[in-house]
Each structure stands twice: as structure tokens, then as C-alpha cells.
Amino acid sequence: MPDNPLRLKSIHHVTFVVGNAKQAAYYYRKAFGFSQFAYAGLETGSRDLACHAMQQGKARFVLATPYRSTSPEADHLHRHGDGVVDIAFHVEDADAAFGEAVRRGAQPAVEPRTLSDEHGSVRHAAIRTYGDTVHSFYSFTDYTGPFLPGYVPRPIAGEDVGILRVDHMVGNVELGQMEHWATWYSTVLGFARYISFDDKDISTEYSALMSIVMSDNSYAIKFPLNEPAAGKRKSQIDEYLDFYGGPGVQHVALLSADIEQTVTRLRANGVEFLSVPDSYYDMLPQRVGEIEEAIEMVRSLRILVDRDEEGYLLQLFSRPVEDRPTVFYEIIQRKGSRGFGKGNFRALFEAIEREQELRGNL
Ligand code: FE2
């Protein structure tokens, strides 16, 4: 069991740089059921960035748009389109976390600093991870504001769809770089290799990928890392790397306690999901055995099911939520299983490849 050298407590929030945060906030509220709770922008003295802070359960997203082409976030947007720039951790002590991370080989992104407003102050620092993605560290002692210094409350309720928290976040890295980043998460953050999948597990007629899941010692923070493997055609990871312009976050998995409710609402709200063929459901009972959910429900909502030694899980995957075929979402409900749906990989990747083919990218 690895220790927790940076004293990470949880994922504090995930920051996305997007082209139009105001409209993205509307989408995450109306489609995904997040509520906006805080805002920073010109009116609050933020001259560079407009930031809309959204929350559902314990999942917190910041949607940020640069005001000017000179801001570093404008570079991120130019290179990657809408995407994740920061997976931010709540830590005991941001200075200590940063110092220890750098001592363990991390590259600094932001030196420790104090952020403050009339509600108090927080300490912040950040290190670089794959691509142009960073991990921020935030520590709080007496801060009483709505979110972080500079933000004002902006409560706009969404209709909750039952999302509890971020279950895991997957990074796509270049061919040959997965081991490097797995070792990085182990060396710098003290994470352990939780599961790995190779191209025998994850391959179709056309493409393959390899994956290693890195996890903290409490299994609360899980970061799978994917790299493409050689196949007959361009893999979904290659397509991502091509359109994202390098490594980055591929998908965010959101945990639900009732996937039937969550997916029913998301579908009604217009969220688009990958579709698997009917034949998947013909095979399902013999593949996963007894489950508590009705097969008809699972079939009609196109939910995927997988079982391992510990239990089973239900999951499904959205289409990319931007025009570039890059970042997408997973909705997952766990019934004992701590896995990632290995038994669904083939059906899922074939579904992805059908869509890749339509985009002319297979
Ligand atoms: Fe996933």
C-alpha cells in the first residue's frame, strides 16, 4: 500500500478552458444537471479570465474562458480546443505538497503563492503533468468565501441528475509514454498501479490501446493512462492526440448511485451517448449473470454492464461534448466492482470506431 506523500485529500475541482464559458455553463447546467454556484470575471476584478464554477454532488468543474489572446489560457484554447487544463487537488498544505512533488521530480507550473480576497486567503501551487495539463494544490485554513478568492456567489440551480462525484479521469498520452507517466504518478504522487490492460484486452479488428490505472492509497483518486497500440488503422487514442494536439484528458467518469435515473434524465436533456448494437444485450445475461436491474431497462437505455470477482458495474459513454473528437464523459454506477469495464471494451471500441469512420478518421 503506497503512502500519500503529498497529503492529497481529494480532487478539489477540474478546470476546463473553453471557447465560451458562459454558454458552456448553460450546457453543463441544462444538459448535465450541474448548478452554478460561483463566478469570477470582469465584474469581480478578474481581468484575464471569466470563470464559472459548477457543482453537482461533490463534482466541481470550473469553466474558464480567456478574455484576450495574450493570456496563457488562450494558447491552451488555440492548441487544444475545449479541454481540461487543471485537475486540482485539495491538500493539507500546498507549500509542502509542491515542495515534495518537485523534490520527487515534478516540473513546477506555479510557485506557491497566496490568493486572497475579503473572505480570507488560500495557498496555491501547481505542477505540470502530461501535455499542457497541470495539477494544482490548494490548501485552506480560514477561507470563508463561496469557492476560491476572487469568486463571488452566483447561484443558478440546475436540475440534479444524480451525479455524486468524479469516479476517475483518464489521460491519453503518446505511443511509448504510458510507462513514463505511470511511473511519474507513482514517483511524484505516490500512486500505485491498480490495473493494467494491454492490447490483448483492448483490441478490435482495427485498433488497440493499452492502459494502466494509477490510484491513490484510498482508491478515491483514480487516473487511468492510455496510449495507442499498433492496429490496422488509426486508433481512437491517435484520433484524440491528433485533434487535441497532444496528450490530455480523454474522459471524465462521473459516479451515479442510480444510473437508470441519471441516464434517463441526461438523454431527455439531449446528452448524446455511444450506441452499442442489440447483439450486445443478447449476450449480456450469460456474460454477467444475475443483476438487480431489469435487462429491458439496461437495453433500452443502452447501458453497458460488466462483472468481475468483486461485483459488477454499469456504465455508458457520451459522444465527445465538443466539435473536436476529444473529451467525453462516462456515467458509472458501481455495484461492488472497482474495475473499469474491461468486458465492455470490445463492444465499446467497435462503437467508437463506427463513429470514427463517419468522421473520416479511422
Ligand atoms: Fe472510464
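Residues numbered from 1 in each chain as written. Predicted model: local features only at pLDDT ≥ 70, side-chain atom pairs only at ≥ 80, totals over all residues. Heavy atoms only, no water.

Novice: Just checking my understanding: could you explain the overall build of the protein for this structure?
Specialist: From N to C terminus, the protein includes nine helices and 17 strands. Taken against the 2.2 N^0.38 rule, which gives 21 Å for 362 residues, the C-alpha radius of gyration of the protein at 20 Å falls within 12% of a compact globule. Dimensions of the protein along its principal axes, counting C-alpha atoms only, are 60 × 40 × 40 Å. Counting across all 362 residues of the protein, residues that qualify as buried make up 54%. Long-range contacts, defined as pairs at least 24 residues apart, comprise 67% of the intrachain contacts of the protein with a sequence gap of at least 6. When the 38 basic and 50 acidic side-chain charges of the protein are each reduced to a single mean position, those positions are 2 Å apart. (Helix = DSSP H or I, 4+ residues; strand = E, 2+ residues; numbered from the N terminus. Rg over C-alpha atoms; globule rule 2.2 N^0.38 Å. Buried < 20%, exposed > 50% of the residue type's maximum accessible area, 1.4 Å probe, protein only. Contact = heavy atoms within 4.5 Å. Lys, Arg positive; Asp, Glu negative; His and termini not counted. Charge placed at Lys NZ, Arg CZ, Asp CG, Glu CD.)

Novice: In this structure, what is going on with the pattern of salt bridges? I would like to understand it.
Specialist: For the structure on display, the rule yields 17 salt bridges. Across the pair Glu100 and Arg104 runs a salt bridge, and its minimum N-O distance is 2.8 Å. For Arg104, a relative accessible area of 25% translates into the label partly exposed. Notably, a salt bridge pairs Arg359 with Glu239, separated by 2.9 Å at the nearest N-O pair. Pair noted here: Arg359 is in the segment after α9 (345-358) and Glu239 is in helix α5 (residues 236-244), with a separation of 120 residues, a long-range link. The exposure class of Glu239 is buried, given its relative accessible area of 2%. What emerges from the salt-bridge pattern is a single network uniting Asp278, Asp282, Arg299 and Arg302. (Salt bridge = Lys/Arg side-chain N within 4 Å of Asp/Glu carboxyl O.)

Novice: Help me understand the nonpolar core in this model?
Specialist: The nonpolar side chains of soluble globular proteins are, as a tendency, buried together. Within the largest apolar cluster, 90 residues are counted, with the highest numbers of intra-cluster contacts made by Phe16, Phe61, Phe137, Leu189 and Leu254. At seven residues, helix α4 (residues 178-189) tops the list of elements feeding residues into this core. Per-domain counts for this core show at least three residues from each of domain 1 (8-156) and domain 2 (163-359). Membership of the second largest hydrophobic core comes to 15 residues, among which are Ala40, Ala53, Val62 and Phe147. (Core = buried A, V, L, I, M, F, W, Y, C linked by side-chain atoms within 4.5 Å. Domains from an automatic or database assignment.)

Novice: Help me understand the domain arrangement of the protein in this model?
Specialist: One widely used convention gives an interface's size as the accessible area the parts lose upon coming together. Considered domain by domain, the protein is made up of domain 1 (8-156) and domain 2 (163-359). If you average the C-alpha positions of domain 1 and of domain 2, the two centres end up 25 Å apart. Between domain 1 and domain 2, the residue contacts involve 38 residues of the former and 35 residues of the latter. When domain 1 packs against domain 2, close to 2900 Å² is buried across both sides, 68% of that on carbon and sulfur atoms. For the domain 1 face of the interface with domain 2, the top three residues by lost area are Phe32, His80 and Tyr130, together amounting to 24%. Counting every contact that joins domain 1 to domain 2 gives zero salt bridges. Taken together, the links from domain 1 to domain 2 amount to 12 residue pairs in polar contact (both at pLDDT 80 or more). (Buried area = accessible area lost by both parts, 1.4 Å probe. Polar contact = N/O pair within 3.5 Å; in protein donor to acceptor, adjacent residues only side chain to side chain.)

Novice: Is there a simple way to explain the side chain of Thr15 in this structure?
Specialist: Looking at the element boundaries, Thr15 is found in strand β1 (residues 8-17). With a relative accessible area of 11%, Thr15 lands in the buried category. Ignoring anything within four residues of it in the chain, the contact list for Thr15 reads Val62, Ala64, Gly83, Val84, Val85 and Asp86.

Novice: Help me understand the environment of His168 in this model?
Specialist: Mapped onto the elements of the fold, His168 is located in strand β10 (residues 163-172). C-alpha separation for the pair His168 and Ala220, spaced 52 residues apart in sequence, amounts to 8.4 Å. Residue contacts for His168: discarding those within four places in its chain leaves Lys222, Pro224, His251, Val252, Ala253, Glu330, Ile332, Arg334 and Phe340. A distance of 3.0 Å separates polar atoms of two side chains, one belonging to His168 and the other to Glu330.

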